[in-house]
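Here is what each chain is made of, one letter per residue.
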Amino acid sequence: MARPSLTRRRFIDMLLAGEFLALAAAVLYPMFSYLFPRASMELVPREVKVGPPDEIAPGSAKLINMGAKPVLVLRTAGGELRAMSAVCTHLQCTVQFRPELNAIHCACHDGKYDVAGRNVSGPPPRPLEPLAVEVRDGALYVKRV
Amino acid sequence: MLGRAARWLDDRLGLWPVLSGLLKKPVPVHAKTPFYLLGGAALFLFLLQLATGVLLAVHYHPTPEAAHASVGRVMGEVPFGWLVRAMHARGADVLMVMVLAHLVTTYFLAAYRPPRELTWLTGMGLLLVMGAFCFSGSLLPWDTFAYFATAVGTEEARTVPWVGEALLRAVRGGETVGAPTLARFYVGHVVLLPLAALALVGLHVYLIQRHGMSRPVGETSEESVPFFPVVVMMDAAVWVLLLGAVVVLAALHPRELGTVANPLAPAPRGIRPEWYFTPAYETLRIVPGRVAGIDGPLVANAFFAIVALVWAMAPFWDRASARGERPVLARAVGVATLVWAVGISMYSYARPQ
């Protein structure tokens, strides 16, 4: 009689290995799920109220929170209001407006943007994410575009 | 030889034959040169970090609301707290000096050649663990520097192909650096990394006992000295000097505590990482945002990973030293790495800020 290719011993070995893998998965899956943060609902509001528009003088800027993300609201020397994400596009540091340079600067790796948020020097690969400004009922609002 | 109490103990433990063997073991005579004391020095400094770290943990509160104030209290109110905290911070600097010096001398002496490949690999693992200790520990005071160092450092996880986003969120415990990040870094710093370090140190030291100290390529002298008392005495002298050096550094040049982290504030001007992360930092600063259409930080991180891998795999590609010849290629690779790391660090500190 020919030996069956799947012996009883090999069958039981495979069964045991399968059980071991299932046990490992049963232990590891809850561990990984426990450690992984739940996807947040990204509670970023569609718009946020900044305050009275003349609070920001020409050639100055203000950082506000839009959900968990910082937003830069600045008024150019010419008086125009602009808003953009304050998160540097290089490695996500928070940028600042520097009036003496008339530019937006990220101190982490010396990235520079102009007052329109366009990356002009240093490592940032993209412009800052633009946001819309709106003056309504005597108050300044920043809105997602 | 043994007192009665010691004999009673050893009748039960049975460790004396092992211990006396270790103490009497012969050590190659060139191990008396200072290069061969660096590993022991790193071990001593690691134990010192464990001691000061345990003391700090007694008064530390790992939440964004309380962390900064609790470190401030240790520095300002707890008796000798200023010393313990400064010794932990400066001890980390001195430990990194010793670890890197040990790494470089071991590399250039080609001490990794067979049969010591695993000793070398456990050492590389320890270097990684020490870097993770420094990185996670720097967040714990929760000051402005800590916050941005962690924000940038963790952000680099995003550049890992395919799993970057998931990795980033797992490390931070959320989208941004916050309370979950602090909790994770704390657990890593005081539980996981110490366990990993102790296991690796144990393996590393065991392997050194098993294979003995390596002799440099071309060294023919078979002369040796007993481990005890000759090498033990030199180790002890170095360790006492190091303890003094850490205390003096801590007293004269303590690590300051910055203003409490404010996620809404911009990154402060002139922010820069510790000296041991400077080569990576300055490279990230120089590499443009996009290199030939590829994400700049990804290019930089791929470069760091390749350099680390080439060093870690030295025992497997450096065939010359295994044959007892001069490891010309390994030395060229070593010198090139050092020129990059030292050169870019000097540039980083010298350039106008």
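Note that the structure is predicted; figures quoted are calculated from it, not measured.

### With respect to the pairing of strand β6 (residues 103-106) of chain A
Residue and element names in this part refer to chain A.
Inference 1: Where burial is concerned, the two faces of β6 agree: the one with Ala 103 and His 105 and the one with Ile 104 and Cys 106 are both buried.
Inference 2: By the bridge criterion, three bridges tie strand β5 (residues 96-98) to β6 in an arrangement that is antiparallel. Bridging from a neighbouring strand, Arg 98 pairs with Ala 103 of β6.
Inference 3: Hairpin geometry of β5 and β6 is characterised by an intervening segment of four residues between the two adjacent antiparallel strands and by a positive phi of about 50° at Asn 102.
Inference 4: The pairing of β6 with strand β7 (residues 111-113) spans three bridges and is classified as antiparallel. When the sheet's bridge partners are listed, Ile 104 is paired in β7 with Tyr 113.
Inference 5: Following β6, the chain reverses through four residues before pairing antiparallel with β7; Asp 110 in that reversal takes a positive phi of roughly 60°.

### Let's talk about the sheet that holds β7(A)
Residue and element names in this part refer to chain A.
Inference 1: With respect to topology, four strands assemble into an open sheet ordered β5-β6-β7-β8, the strand pairing being antiparallel. Looking at strand neighbours, the two that pair on one side only are β5 and β8 (119-121), the edges of this open sheet. Taking the axes of each pair of neighbouring strands and ignoring which way they run, one obtains an average angle of 40° across the sheet.
Inference 2: Two strands pair when backbone bridges link them, and β7 and β8 are joined in this way by two bridges, in the antiparallel orientation.

### Brief notes about the packing of aromatic side chains
A ring pair, where both rings are aromatic, is described by two values, the distance of the centres and the angle of the planes.
All names here are of chain B.
Inference 1: Across all of its chains, the model carries 16 aromatic pairs over all chains by this definition.
Inference 2: Their ring planes at 40° and their centres at 6.1 Å tell us that Tyr 107 and Trp 120 sit as a pair that is tilted. Of the two residues, Tyr 107 sits in helix α5 (residues 81-108) while Trp 120 sits in helix α6 (residues 117-139), which places them 13 residues apart along the sequence. You'll find Tyr 107 and Trp 120 in the same group, each marked buried.
Inference 3: Pairing Trp 142 with Tyr 147 gives two aromatic rings, centres 6.0 Å apart and planes at 85°, and the pair type is edge-to-face.

### What to know about the nonpolar core
Inference 1: Membership of the largest hydrophobic core comes to 38 residues, with the highest contact counts inside it found for A:Val95, A:Ile104, A:Cys108 and B:Trp142.
Inference 2: At the level of elements, β3 (69-75) and β6 of chain A together with α4 (67-76), α7 (144-155), α9 (179-211) and α12 (296-312) of chain B are the ones that each hand at least two residues to this core.
Inference 3: The element that contributes the greatest number of residues to this core is α7(B), accounting for five residues.
Inference 4: In this structure, B:Leu83, B:Ala86, B:Met98 and B:Leu126 belong to the second largest nonpolar core, which totals 27 residues.

### Points about the pattern of salt bridges
Inference 1: For the coordinates displayed, the defined rule picks out 19 salt bridges over all chains.
Inference 2: Its salt-bridge partner being A:Glu80, residue A:Arg82 comes within 3.1 Å of it at the nearest N-O pair.
Inference 3: We classify A:Glu80 as partly exposed; its relative accessible area is 43%.
Inference 4: Of the charged contacts in the structure, one is a salt bridge between B:Arg255 and B:Glu274, with a shortest N-O distance of 3.0 Å. Of this pair, B:Arg255 sits in the loop between α10 (227-252) and α11 (278-286) while B:Glu274 sits in the loop between α10 and α11, placing them 19 residues apart in sequence.
Inference 5: By relative accessible area, B:Arg255 is classed as partly exposed at 23%.
Inference 6: With relative accessibility at 13%, the residue B:Glu274 sits in the buried group.
Inference 7: Among the ionic contacts, a cluster of salt bridges with common partners joins A:Glu47, A:Glu134, A:Arg136 and A:Lys143.

### Some points on the sheet that holds strand β4 (residues 81-85) of chain A
Residue and element names in this part refer to chain A.
Inference 1: Here we have six strands laid out as an open sheet, ordered β1-β10-β9-β4-β3-β2, and antiparallel in their pairing. Either end of the sheet is taken by a strand with one partner, and the two such strands are β1 (47-51) and β2 (60-66). Shown here is a sheet whose adjacent strand axes are inclined to one another by a mean of 30°, direction ignored.
Inference 2: Of the strand pairs in this sheet, strand β9 (residues 130-136) and strand β10 (residues 139-143) are connected by five bridges, and their pairing is antiparallel. If you follow Arg 136 over to β10, its bridge partner there is Ala 139.

### A short note on the state of the cysteines
Residue and element names in this part refer to chain A.
Inference 1: The final tally for this structure, using the stated rule, is one disulfide over all chains.
Inference 2: For Cys 93, the disulfide goes to Cys 108, at an S-S distance of 2.0 Å. Residues Cys 93 and Cys 108 share a disulfide whose torsion about the S-S bond is about -80°; that sign makes it left-handed. Within this pair, whereas Cys 93 is found in the loop between β4 and β5, its partner Cys 108 is found in the loop between β6 and β7, the two being separated by 15 residues in sequence.
Inference 3: By relative accessible area, Cys 93 is classed as buried at 1%.
Inference 4: With no disulfide partner, Cys 88 has as its closest neighbouring cysteine sulfur the one in Cys 106, 3.9 Å distant.

### Description of the environment of B:Gly173
Inference 1: Among the structural elements, B:Gly173 can be located in the loop between α8 (164-172) and α9.
Inference 2: Excluding anything up to four places from it in sequence, B:Gly173 contacts A:Pro37, B:Pro180 and B:Arg184.

### Considering α10(B)
Inference 1: Taking 1.5 Å per residue as the helical rise, α10(B) with its 26 residues ought to reach 38 Å, and the 36 Å between its terminal C-alpha atoms agrees with that figure.
Inference 2: The elements touched by buried residues of α10(B) are β1 (26-28), α3 (38-59), α5 and β2 (224-226) of chain B.

### Side note on α7(B)
All names here are of chain B.
Inference 1: Between its first and last C-alpha atoms α7 spans 16 Å; for twelve residues at 1.5 Å apiece the expected length is 16 Å, and the two agree.
Inference 2: Buried residues dominate α7, accounting for nine of its twelve residues.
Inference 3: Residues Thr 144, Ala 146, Tyr 147, Phe 148, Thr 150, Ala 151, Val 152, Thr 154 and Glu 155 constitute the buried set of α7.

### Comments concerning the packing of α8(B) against α9(B)
All names here are of chain B.
Inference 1: Taken N-terminus to C-terminus, the directions of α8 and α9 make an angle of 80°; their axes are 7 Å apart at the nearest point. Put simply, α8 runs roughly perpendicular to α9. Contact with α8, carried on its side by Ala 170, Val 171 and Arg 172, involves Pro 180, Thr 181, Arg 184 and Phe 185 of α9 and no other residues of that element.
Inference 2: The residue makeup of the contact of α8 with α9, split by class, is four nonpolar, one polar and two charged.

### With respect to the interface of chain B and chain A
Quite often, the size of an interface is put as the accessible area lost when its parts meet.
Inference 1: In this complex, chain B contributes 30 residues to the contact, which on the side of chain A involves 27 residues.
Inference 2: Taken together, both faces of the contact between chain B and chain A bury some 2,400 Å²; the carbon and sulfur share is 61%.
Inference 3: Along the contact surface separating chain B from chain A lie three salt bridges.
Inference 4: Here B:Arg285 ties to A:Asp110 by a salt bridge, and the two come within 2.9 Å at their closest N and O atoms.

Cut-offs applied
Residues numbered from 1 in each chain as written. Chains lettered and ligands numbered in written order. Predicted model: local features only at pLDDT ≥ 70, side-chain atom pairs only at ≥ 80, totals over all residues. Heavy atoms only, no water. Buried < 20%, exposed > 50% of the residue type's maximum accessible area, 1.4 Å probe, protein only. Helix = DSSP H or I, 4+ residues; strand = E, 2+ residues; numbered from the N terminus. Pairing = 2+ DSSP bridges. Axes fitted to C-alpha atoms, helices over the stretch in contact; angles between N-to-C directions. Phe/Tyr/Trp six-rings, centres within 6.5 Å; stacked < 30°, edge-to-face > 60°. Core = buried A, V, L, I, M, F, W, Y, C linked by side-chain atoms within 4.5 Å. Salt bridge = Lys/Arg side-chain N within 4 Å of Asp/Glu carboxyl O. Disulfide = S-S within 2.5 Å. Contact = heavy atoms within 4.5 Å. Expected span 1.5 Å × (residues − 1). Parallel < 35°, antiparallel > 145°, perpendicular 65-115°, else oblique. Nonpolar A, V, L, I, M, F, W, Y, C, P; charged D, E, K, R; others polar. Buried area = accessible area lost by both parts, 1.4 Å probe.

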